Amino acid sequence: MPLPVIALVGPTASGKSALAIQLALALAQHDHPAEIVNGDSMVVYRGMDIGTAKPSHDDRATVPHHLVDILDVTQSSSVALMQSRARQTFVDLRGRGVVPILVGGSALYSRAILDEMTIPPTDPAVRARLESELVEAGPHALHDRLGRLDPQAAKAILPGNGRRLVRALEVVELTGSFTATMPTGRYDAQVAPVIQIGLTLPREDMDRRIALRVEQMWRDGFVDEVRALPDLPCGRTASRALGYRQILQFLAGEINEDEAFEQTIVRTRRFARKQLMWYRKDDRIFWVDALSPHAVGDVLTHLEETMTSW
């Protein structure tokens with residue numbers, strides 16, 4: 001049996017990055033070297049460090065990290081890119097006898113990396129037209145249209161998520177169905193075996209940790225980091241990242257700094273709740289208490305019980 005891909009999933013600020021490092025070190029002590037593979041579509045950008053809670057240089061020196069700082073902010077990150085690069089990294093690590101630990105990313109990205117999922121085609125002209133319609137008519141109008149064309153896809157996308165609505169309508173126009181391209185719920189044969197570990201915590205603790213994280217980002221110079229990225233507004237993907245988008249609005253004079261700060265907290269909490277909701281639907285995930293001091297031990301026990309050949 002090939003080495004498993006261990007995937008750490010869960011909401012923002014639940015401690016996935018810290019647990020990944022602890023787990024990699026613990027596995028190494030059990031003669032199973034492990035390295036971390038980033039699954040977050042924003043951690044890939046050079047210069048976007050504070051707002052993405054990117055692993056520090058010390059963390060990366062302690063345990064090797066992959067797919068970090070691989071793009072400039074003007075380049076586009078996508079599901080297709082992350083799927084391809086992550087899966088190739090799994091092959092490379094397993095070829096060296098190293099256990100891949102996938103960390104971070106939204107439910108869509110982690111499932112695209114792990115599950116059977118064909119990335120549909122894209123057309124710049126169609127995408128540009130739909131993005132213009134998004135600006136003119138708003139996301140709710142696009143969501144209504146998607147509901148008529150592909151009701152199941154519309155149920156899976158929040159009415160205010162303009163970016164995903166544009167992509168879904170683009171795929172529907174090019175292929176006839178967005179639903180047919182969604183993850184199947186079965187691990188891709190080239191990726192399996194997979195062991196998913198989910199971190200869970202009470203909503204009030206999650207909300208508190210998110211607020212504290214955003215406060216620390218501001219103290220660490222988040223606004224100055226955005227100022228130091230003059231090309232960021234040109235990045236179609238990077239400029240939409242949580243926090244970065246709000247600070248860009250502040251720097252453009254559209255909102256004040258307090259509003260940017262509060263909106264970052266509110267939108268991050270909303271994102272975390274949505275992600276936790278989607279992860280909860282996946283019965284393949286083994287859940288551990290994010291606040292437990294025994295989290296690493298619980299994960300190791302589960303790995304031993306699951307991988308009987310270890």
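It should be emphasised that the depicted structure is a prediction, and the values quoted were computed from it without experimental measurement.

## Thoughts on the UniProt feature "site: Interaction with substrate tRNA" (unreviewed entry) in the chain
On the UniProt side, "site: Interaction with substrate tRNA" (unreviewed entry) is annotated at positions that read Ser106 and Arg127 here. Looking at where serine 106 falls in the secondary structure, it is placed in the loop between β4 (99-103) and α4 (107-114). Tracing the chain through its elements places arginine 127 in helix α5 (residues 124-137). Other than its neighbours up to four places away in sequence, arginine 127 contacts Thr122, Val166, Arg167, Glu170 and Arg236.

## Section: the pattern of salt bridges
The tally for this structure, following the rule as stated, stands at 21 salt bridges. Among the ionic pairs, glutamate 170 bridges to arginine 167, the shortest N-O distance being 2.9 Å. Remark: arginine 167 and glutamate 170 occur in helix α8 (residues 162-175); sequence separation between them is three residues, near one turn of the helix. Taken as a pair, glutamate 170 and arginine 167 share a single burial class, namely buried. For arginine 269, the salt bridge goes to aspartate 207, with nearest N and O atoms at 4.0 Å. With arginine 269 in helix α12 (residues 257-280) and aspartate 207 in helix α9 (residues 203-219), this residue pair connects regions lying 62 residues apart in the sequence. Residue arginine 269 is classed as partly exposed on the basis of its relative accessible area of 26%. Several salt bridges share partner residues, and in doing so they unite Asp49, Lys54, Arg60 and Asp69 into one network.

## Focus: the domain arrangement of the chain
Here the chain is described as being made up of domain 1 (3-116 + 181-304) and domain 2 (122-173). Centre-to-centre, using C-alpha coordinates, domain 1 lies 26 Å away from domain 2. Listed by partner, the interface residues are 11 residues for domain 1 and eight residues for domain 2. Where domain 1 abuts domain 2, roughly 780 Å² becomes buried across the two surfaces, and 54% of that area is made up of carbon and sulfur atoms.

What counts, and at which threshold
Residues numbered from 1 in each chain as written. Predicted model: local features only at pLDDT ≥ 70, side-chain atom pairs only at ≥ 80, totals over all residues. Heavy atoms only, no water. UniProt positions renumbered as here; feature names shortened; annotations may be inferred. Helix = DSSP H or I, 4+ residues; strand = E, 2+ residues; numbered from the N terminus. Contact = heavy atoms within 4.5 Å. Salt bridge = Lys/Arg side-chain N within 4 Å of Asp/Glu carboxyl O. Buried < 20%, exposed > 50% of the residue type's maximum accessible area, 1.4 Å probe, protein only. Domains from an automatic or database assignment. Buried area = accessible area lost by both parts, 1.4 Å probe.

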